[in-house]
Amino acid sequence: MAGRVQAVLGDAPTLRYVARSATYAGKVTILPQTFQIEPYGIALRDGSPWRKPVDRALLHRLASPAWRDLVYRYLGATE
C-alpha cells in the first residue's frame, strides 16, 4: 500500500469534517473510540463584562435545534 495512509490520529470534529468532504467522502472510516476528550473553551479576562453574556449566548446556541442541525451537516452523527 505504498503512498497510502492507513491511520490518522487527530481531533474528532476535524476528522469527521474531512471524512465528509467531497475529497474523502466514502473513502475513510472514523472509528468510534475516543482516546482523550479535549473540550474547547473561550478565554475572557477576569472581571470581563462579556463573561455572562457570552456564557448565555453559547448555552442558548448549543441547546438549539439549529445548532444540532449544523453539527450534523458538517460532522455527521457524533454519537
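Look up: the structure comes first, before these words.
Rules behind the numbers
Starting afresh in each chain, residues are numbered from 1 along the sequence in its written order. With the structure being a predicted model, the display of local features is reserved for residues of pLDDT at least 70 and the display and counting of side-chain atom pairs for 80 or more, all residues being used for whole-chain, interface and lining totals. Neither water nor hydrogens contribute to the side-chain values; these are computed over all heavy atoms in the structure. For the purposes of this entry, the term helix denotes a DSSP run of H or I that reaches at least four residues, the term strand denotes a run of E that reaches at least two, and both are numbered from the N terminus. Throughout this description, buried means an accessible area under 20% of the type-specific maximum (1.4 Å probe, protein chains only), exposed means over 50%, and partly exposed covers the range between. The contact definition used throughout considers only heavy atoms, calling two residues in contact when any of these lie within 4.5 Å.

**Quick look at the environment of Tyr-24**
Mapped onto the fold, Tyr-24 is located in the loop between helix H1 (12–20) and helix H2 (51–62). Residue classification places Tyr-24 among the partly exposed residues on the basis of a relative accessible area of 39%. The spatial distance from the C-alpha of Tyr-24 to the C-alpha of Ser-64 is 29 Å, given a sequence separation of 40 residues. Contact partners of Tyr-24, with chain neighbours within four places excluded, come to Val-18 and Ala-19.

**Describing the environment of Val-8**
Mapping Val-8 onto the fold places it in the segment before H1. In sequence terms Val-8 and Ala-43 are 35 residues apart; their C-alpha atoms lie 29 Å from each other.

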